[in-house]
Amino acid sequence: MSYLDTLKTLKFKVSKVTVEGADFYLRELSGKARLDFEGEKDLQLRVLKMMHASLCDADGNLTERPEDFDAFMESVPNKALLQLVNAFSALNISGETHLKN
């Protein structure tokens, strides 16, 4: 079995986030998804777009379309948005203590 076949069997982590009674699911990003946002120069906007792209159902199936980003941003209260971004960051960013040489 090649390394690619092995990697294809891995599952993306999914995190459930409850914000003011509403359940959201965020999925870990793939390498390709991260690359898709590299062109965005504004770091805050990049993180928001990546978080929006990671919204999924409970099974990890992505649910959002890029063209819905503006409507999403207009409809989500800032407090809820901050909670989603924090959960997204925790799911996708490893601290130095988790890295090995």
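This structure is a prediction, so every number in the text was calculated from the model and none was measured.

Here is what the cut-offs are and how they apply
- Residues numbered from 1 in each chain as written.
- Predicted model: local features only at pLDDT ≥ 70, side-chain atom pairs only at ≥ 80, totals over all residues.
- Heavy atoms only, no water.
- Helix = DSSP H or I, 4+ residues; strand = E, 2+ residues; numbered from the N terminus.
- Buried < 20%, exposed > 50% of the residue type's maximum accessible area, 1.4 Å probe, protein only.
- Contact = heavy atoms within 4.5 Å.
- Lys, Arg positive; Asp, Glu negative; His and termini not counted.
- Charge placed at Lys NZ, Arg CZ, Asp CG, Glu CD.
- Salt bridge = Lys/Arg side-chain N within 4 Å of Asp/Glu carboxyl O.
- Pairing = 2+ DSSP bridges.
- Core = buried A, V, L, I, M, F, W, Y, C linked by side-chain atoms within 4.5 Å.
- Polar contact = N/O pair within 3.5 Å; in protein donor to acceptor, adjacent residues only side chain to side chain.

Visitor: I keep staring at the overall build of the protein and nothing clicks. Help me out?
Guide: From N to C terminus, the protein includes five helices and three strands. Along its sequence from the N terminus, the protein presents helices and strands in the succession α-β-β-α-α-β-α-α. Taking the principal axes of its C-alpha atoms as reference, the protein extends roughly 45 × 30 × 30 Å. Expressed as a percentage of its 101 residues, the buried residues of the protein come to 28%. Intrachain contacts of the protein at a sequence separation of at least 6 include 52% that bridge at least 24 residues. Averaged over its 13 positive side-chain charges, the protein has a centre that lies 6 Å from the centre of its 16 negative ones.

Visitor: Looking at this model, I keep getting lost on the pattern of salt bridges. Mind explaining?
Guide: Two side chains bearing opposite charge may form a pair once their charged atoms approach each other closely. Throughout the structure, instances matching the rule amount to five salt bridges. Between Glu40 and Lys49 there is a salt bridge; the shortest N-O distance is 3.2 Å. A relative accessible area of 27% places Lys49 in the partly exposed class. When the shortest N-O distance is used, the salt bridge between Arg65 and Glu67 registers 3.5 Å. What emerges from the salt-bridge pattern is a single network uniting Arg65, Glu67 and Asp68.

Visitor: I would appreciate a short explanation of the pairing of strand β2 (residues 22-27) in the present structure.
Guide: Of the pairings in the sheet, the one linking strand β1 (residues 14-19) to β2 comprises six bridges and is antiparallel in character. Looking at β2, one finds that Val14 is bridged to Arg27. Adjacent in sequence and paired antiparallel, β1 and β2 are bridged by two residues, among which Glu20 carries a positive phi angle near 50 degrees. With two bridges connecting them, β2 and strand β3 (residues 55-56) associate as antiparallel partners. Within β3, the residue paired with Tyr25 across the bridge is Cys56.

Visitor: Before we go on, may I ask you to explain the sheet that holds β1 in this structure?
Guide: The strand order across the open sheet formed by three strands is β1-β2-β3, and the pairing between neighbours is antiparallel. Of all strands in the sheet, those bounded by a partner on one side alone are β1 and β3.

Visitor: Quick question: what am I supposed to make of the nonpolar core here?
Guide: Within soluble globular proteins, side chains that are nonpolar tend to cluster in buried spots. In terms of nonpolar packing, the biggest core is built from 20 residues, with Val17, Leu26, Met51, Phe72, Leu81, Leu84 and Phe88 touching the most fellow members. Residue assignment for this core shows that the elements contributing at least two residues are β1, α3 (43-53), α4 (69-75) and α5 (78-92). In terms of residue count, α5 provides more of this core than any other element does, seven residues in total. Beyond its immediate stretch of four places on either side in the chain, Leu26 contacts Lys13, Val14, Ser15, Val17, Met51, Ser54, Leu55, Cys56, Leu84, Ala87, Phe88 and Leu91.

Visitor: Explain the side chain of His52 to me, please; I cannot follow it from the model alone.
Guide: Among the structural elements, His52 can be located in helix α3. For His52, the side chain forms a polar contact with the side chain of Glu64, separated by 3.5 Å. Among all residues touching His52, those that are not within four sequence positions of it are Glu64, Arg65, Asp68, Phe69 and Phe72.

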